[in-house]
Amino acid sequence: MSTVVERNVDTQLADLLLQQSIEQFYYQQCDMLDSRDYEGWLATLDERIHYWMPLTRNVQSRSVANEYTRPGMDTAWFDEGIETLRQRVEQLRTGMHWAEEPVSRVSHLVTNVRILDVEQDSDGRRRAQVRSRFLVYQNRLETETVLFVGKRDDTLIETEGGWKVIKRSIFLDQSVLLGKALTVFF
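No experiment lies behind these values; they were computed from the predicted model shown. (Residues numbered from 1 in each chain as written. Predicted model: local features only at pLDDT ≥ 70, side-chain atom pairs only at ≥ 80, totals over all residues. Heavy atoms only, no water.)

Talk me through the pattern of salt bridges; I want residue IDs and the actual numbers.
In total, this model carries 16 salt bridges according to the counting rule given. One salt bridge in this structure joins Arg57 and Asp74, with 3.2 Å as the shortest N-O distance. Residue Arg57 is located in the loop between β1 (45-54) and β2 (76-80), and its partner Asp74 is located in the loop between β1 and β2; the two are separated by 17 residues in the primary sequence. Classification of Arg57 by relative accessible area gives partly exposed; the value is 33%. (Salt bridge = Lys/Arg side-chain N within 4 Å of Asp/Glu carboxyl O. Helix = DSSP H or I, 4+ residues; strand = E, 2+ residues; numbered from the N terminus. Buried < 20%, exposed > 50% of the residue type's maximum accessible area, 1.4 Å probe, protein only.)

Summarise the layout of surface pockets; cite the residues concerned and give the values.
Computed from the structure, the largest pocket encloses a volume of approximately 150 Å³. Lining the largest pocket we find 14 residues, and of these Arg140, Glu144, Val146, Lys180 and Ala181 sit closest to its centre. When residues of the lining of the largest pocket are traced back to their parent elements, those giving at least two are β4 (126-140) and β5 (144-159). When grouped by side-chain class, the residues that make up the lining of the largest pocket number 4 nonpolar, 6 polar and 4 charged. (1 Å grid on protein atoms, 1.4 Å probe; cavity = no way out; pocket = protein on both sides within 12 Å on 5 of 7 lines; lining within 4 Å. Points joined across faces, edges and corners; volume = space filled by probe spheres on them. Nonpolar A, V, L, I, M, F, W, Y, C, P; charged D, E, K, R; others polar.)

Run through empty space enclosed by the protein, naming residues and quoting values.
Gaps left between atoms are located by rolling a probe of water-molecule size over the structure's atoms. In this structure the tally under the stated criterion is 2 cavities of 30 Å³ or more. Counted as a void, the largest cavity has a volume near 120 Å³. Lining the largest cavity we find 13 residues, and of these Leu33, Tyr38, Val106, Thr183 and Val184 sit closest to its centre. Top element by residues in the lining of the largest cavity is strand β3 (residues 105-120). It accounts for 3 residues. Considered class by class, the residues forming the lining of the largest cavity number 6 nonpolar, 3 polar and 4 charged. Computed from the structure, the second largest cavity encloses a volume of approximately 70 Å³. Cys30, His108, Val110, Arg152 and Phe186 are the residues nearest the centre of the second largest cavity, which is lined by 13 residues in total.

How would you sum up the environment of Phe148? Please name residues and give values.
One can find Phe148 in strand β5. As a C-alpha pair, Phe148 and Glu39 span 109 residues in sequence and 22 Å in three-dimensional space. Those residues in contact with Phe148, other than ones at most four positions away along the chain, are Phe134, Leu135, Val136, Gln138, Leu172, Gln174, Leu177, Leu182, Val184 and Phe186. (Contact = heavy atoms within 4.5 Å.)

Any chance you could break down the pairing of β5 for me, citing the residues and the numbers?
Both β4 and β5 contribute to a ladder of 14 bridges, which runs antiparallel. Paired with Arg133 across the strands is Lys151, a residue of β5. In this antiparallel pair of consecutive strands, β4 and β5, the connection spans 3 residues, and Leu141 shows a positive phi of 50°. With 10 bridges connecting them, β5 and strand β6 (residues 162-172) associate as antiparallel partners. The residue of β6 that forms the bridge with Asp154 is Arg168. Two successive antiparallel strands, β5 and β6, enclose a turn made up of 2 residues. (Pairing = 2+ DSSP bridges.)

Summarise the packing of aromatic side chains; cite the residues concerned and give the values.
Counted according to the given criterion, the structure contains 10 aromatic pairs. Ring geometry for Phe25 against Tyr26: centres 5.9 Å apart, planes inclined by 40°, an arrangement best described as tilted. The class of Tyr26 is buried, set by a relative accessible area of 0%. On the basis of an interplanar angle of 90° and a centroid distance of 5.9 Å, the ring pair of Trp52 and Phe171 is categorised as edge-to-face. Residue Trp52 is located in strand β1, and its partner Phe171 is located in strand β6; the two are separated by 119 residues in the primary sequence. For the residue pair Trp52 and Phe171, the accessibility class agrees, reading buried in each case. Just above the ring of Tyr26 sits the side chain of Arg152; from NZ or CZ to the centre is 4.8 Å. (Phe/Tyr/Trp six-rings, centres within 6.5 Å; stacked < 30°, edge-to-face > 60°. Lys NZ or Arg CZ within 6 Å of the ring centre and 35° of its normal.)

Here it is in structure tokens:
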């Protein structure tokens, strides 16, 4: 009987450590973005990243499955890989990005982190399916303020250096962007 209890305690401890590890990874990403350490943030992304944010549609309740545009088939706010993300960072670093001169002050909040599944990939590394909620506050100049609120579905892969995002799907809870530009990362 004690073996079963010990196994349950060991499993619970492993689950708690995994949860804490992934949450700390997300908090680190937030800190990097808020301090404009875009290169550090890029280093938390796998080279095979698919970074996707569909458009949100206003649909009737019977059509809720069509609330978001489809990957590879419809228009999206973002449908990018690592090279495009690097180019966006380079553009921000020029100091000539019209929507980010002067630069925005940004705060990223991540919450409701839920690990949906964990499996071993063919290389023996853990791959985690994670769902979270976010709020991104952006302020520019004196009075320009924008809030982005939504959900993220991530696929994380464990590497020797820690977790990396291999897939990020970002679902905004708004169908119309109220800001003048979409220059933040999620």
